[in-house]
Amino acid sequence: METVAENRCFGGVQGVYTHASEACGGDMTFGLFLPAEAQSGPVPVMWFLSGLTCTHENAMVKAGAQGWAAEQGIALVFPDTSPRGEDVADDDAYDLGQGAGFYVNATQKPWAPHFRMWDYVAEELPALIGANFAIDAERQAITGHSMGGHGALTLAMGLPGRFRSVSAFAPICNPTASDWGRKQLGAYLGTDETTWAPHDATLMMQSAGFDGPMLIDTGTKDQFLDLLCPEALAAAVSTRRQQAMLRLQPGYDHSYFFISTFMEDHVTFHAEALYSE
């Protein structure tokens, strides 16, 4: 692991690091904010998974999370959204290929050799961070935006007991029934739609749910609202009687202005779960 940059930030340190990834078959970069409390011992951690076209940098710079995390003594992890490099498969469309990993392990050509973002976020990166930084692996929470909201929800439900809480900003809620999902899941996982179900938050809610609190915010002026399908997840939450807050925020769109507006709510929400006994 190599240090790209470390900057003083709200009494802690915002770092950027790169490392050779076995899961993705190449170098990967991530951001990590450590609050001042990490100097004296392990701190709880919140993961932020970003959306289509993003790198580790978008949320790290635009989401405004560090100040609120510093107040709560929480670390923040900002992974990249896909493998990258000249030898990594790509597509001319913005919603497939580099920058669009969808947090799955691809099984189809040409994606399978590198696009193993589920393993990277679920296993490899947590192990690397746990071995090198003062992180309390028993106190983890996860959030994300858009494609990253999809990833946060599916990882939370797909890894029972890993995360104490989950939230999302404008997540892709029902990708198996959306143009933002059927294209990508078909490309990465093939035509057998039974392999798609573990990567659809609505279907996972119907089958298993999440053993903890959930918070989801979506803007009523989100330009991608029809692709996100929040009503499908809302119906599944209601049927399961899942512990959840699903909020439609009047006038907000899909941008980081929306995310930064409600970031304090999300960090506070996770802090309550992370510090509960």
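Above this text sits the structure in question.
We now turn to the structure provided with this report. Just so we're clear, the structure is a prediction, and the values are computed from it rather than from any experiment.

## Regarding the overall build of the chain
- Check the secondary structure of the chain and you find 9 helices and 9 strands.
- Taking 2.2 N^0.38 as the reference for a compact globule, 277 residues should give roughly 19 Å; the C-alpha atoms of the chain span a radius of gyration of 17 Å, in line with that estimate.
- Taking the principal axes of the C-alpha coordinates as reference, the chain spans close to 50 × 45 × 35 Å.
- Burial status across the chain gives 58% buried among its 277 residues.
- Positive and negative side-chain charges in the chain, numbering 14 and 33 respectively, have mean positions lying 5 Å apart.

## Observations concerning unusual backbone geometry
- Here the residue pair Lys 109 and Pro 110 is connected by a cis peptide bond, since its omega of -5° sits within 30 degrees of zero.
- Take Pro 110: it is sitting in the loop between β5 (75-79) and α3 (117-132).
- Located in the positive-phi region is Phe 10, a residue other than glycine, with phi close to 50°.
- Mapped onto the fold, Phe 10 is located in the loop between β1 (2-9) and β2 (12-21).

## Structural notes on helix α9 (residues 256-274)
- The sharpest bend along α9 reaches about 50° and sits at Phe 262.
- For α9, every residue scored as buried is listed here: Tyr 256, Phe 258, Ile 259, Phe 262, Met 263, His 266, Val 267, Phe 269, His 270, Ala 271, Ala 273 and Leu 274.
- Where α9 starts, the residue carrying a side-chain oxygen 3.2 Å from the main-chain nitrogen of Phe 257 turns out to be Ser 255.

## Side note on the packing of helix α2 (residues 65-72) against α9
- In contact at an axis separation of 9 Å, α2 and α9 are set at 30° when each is read in the N-to-C sense. Judged by the angle between their axes, α2 and α9 are roughly parallel. In this structure, the crossing between α2 and α9 has a hand that is right-handed. On α9, the residues that touch Ala 65, Trp 68, Ala 69 and Gln 72 of α2 are Met 263, Glu 264, Val 267, Thr 268 and Ala 271.
- Its residues assigned to classes, the contact of α2 with α9 comprises 6 nonpolar, 2 polar and 1 charged.

## Thoughts on the pattern of salt bridges
- Counted under the stated rule, the structure contains 8 salt bridges.
- One salt bridge in this structure joins Glu 123 and Arg 162, with 3.6 Å as the shortest N-O distance. Here Glu 123 is found in helix α3, whereas its partner Arg 162 is found in the loop between α4 (147-158) and β7 (165-169), with 39 residues between them in sequence.
- Residue Glu 123 is classed as partly exposed on the basis of its relative accessible area, which comes to 45%.
- One salt bridge in this structure joins Arg 247 and Asp 265, with 3.0 Å as the shortest N-O distance. Placement of Arg 247 in strand β9 (residues 245-249) and of Asp 265 in helix α9 is noted, with a sequence separation of 18 residues between them.
- The exposure class of Arg 247 is partly exposed, given its relative accessible area of 26%.
- Since its relative accessible area comes to 34%, Asp 265 is described here as partly exposed.
- Residues participating in the shared-partner salt-bridge network are Asp 217, Arg 247 and Asp 265.

Rules used throughout
Every chain begins its residue count from 1, and numbering advances along the sequence as written. Only residues with pLDDT of 70 or above have their local features reported here, since the model is predicted, and side-chain atom pairs are shown and tallied only from 80 upward, although totals for entire chains, interfaces and linings are computed over all residues. Processing note: side-chain calculations cover all non-hydrogen atoms of the structure and skip hydrogens and water entirely. Strands here mean DSSP runs of E at least two residues long; helices mean DSSP runs of H or I at least four residues long; both are numbered from the N terminus. Based on C-alpha atoms, the radius of gyration is set beside the globule rule, defined as 2.2 Å times the residue count to the power 0.38. The cut-offs for exposure are 20% and 50% of the maximum accessible area for each residue type, with area from a 1.4 Å probe on protein chains only; residues under the lower value are buried, those over the upper are exposed, and the others partly exposed. Here Asp and Glu are counted as negative and Lys and Arg as positive; His is not counted, and neither are the chain ends. To locate a charge, take NZ of a lysine, CZ of an arginine, CG of an aspartate or CD of a glutamate. Values of bend correspond, residue by residue, to the angle between axes fitted over the seven residues ending at that residue and the seven starting there. Two N or O atoms form a polar contact when they lie within 3.5 Å of each other; inside protein one atom must be a possible hydrogen donor and the other a possible acceptor, and for residues adjacent in sequence the pair counts only when both atoms belong to side chains. Between N-to-C directions, angles cover 0 to 180 degrees, with each direction set by a line fitted to C-alpha atoms, over the stretch in contact for helices. Roughly parallel refers to an angle under 35 degrees, roughly antiparallel to one over 145, roughly perpendicular to one between 65 and 115, and oblique to any angle outside these ranges. The sense of a crossing depends on the near helix, which, turned anticlockwise from the far helix by less than a right angle, makes the crossing left-handed and, turned clockwise, makes it right-handed. A contact between two residues is defined here by any heavy atoms of the two lying within 4.5 Å. All amino acids are sorted into three groups, where Ala, Val, Leu, Ile, Met, Phe, Trp, Tyr, Cys and Pro are nonpolar, Asp, Glu, Lys and Arg are charged, and the leftover types, Gly among them, are polar. Should a side-chain nitrogen of Lys or Arg be within 4 Å of a carboxyl oxygen of Asp or Glu, the pair is scored as a salt bridge.

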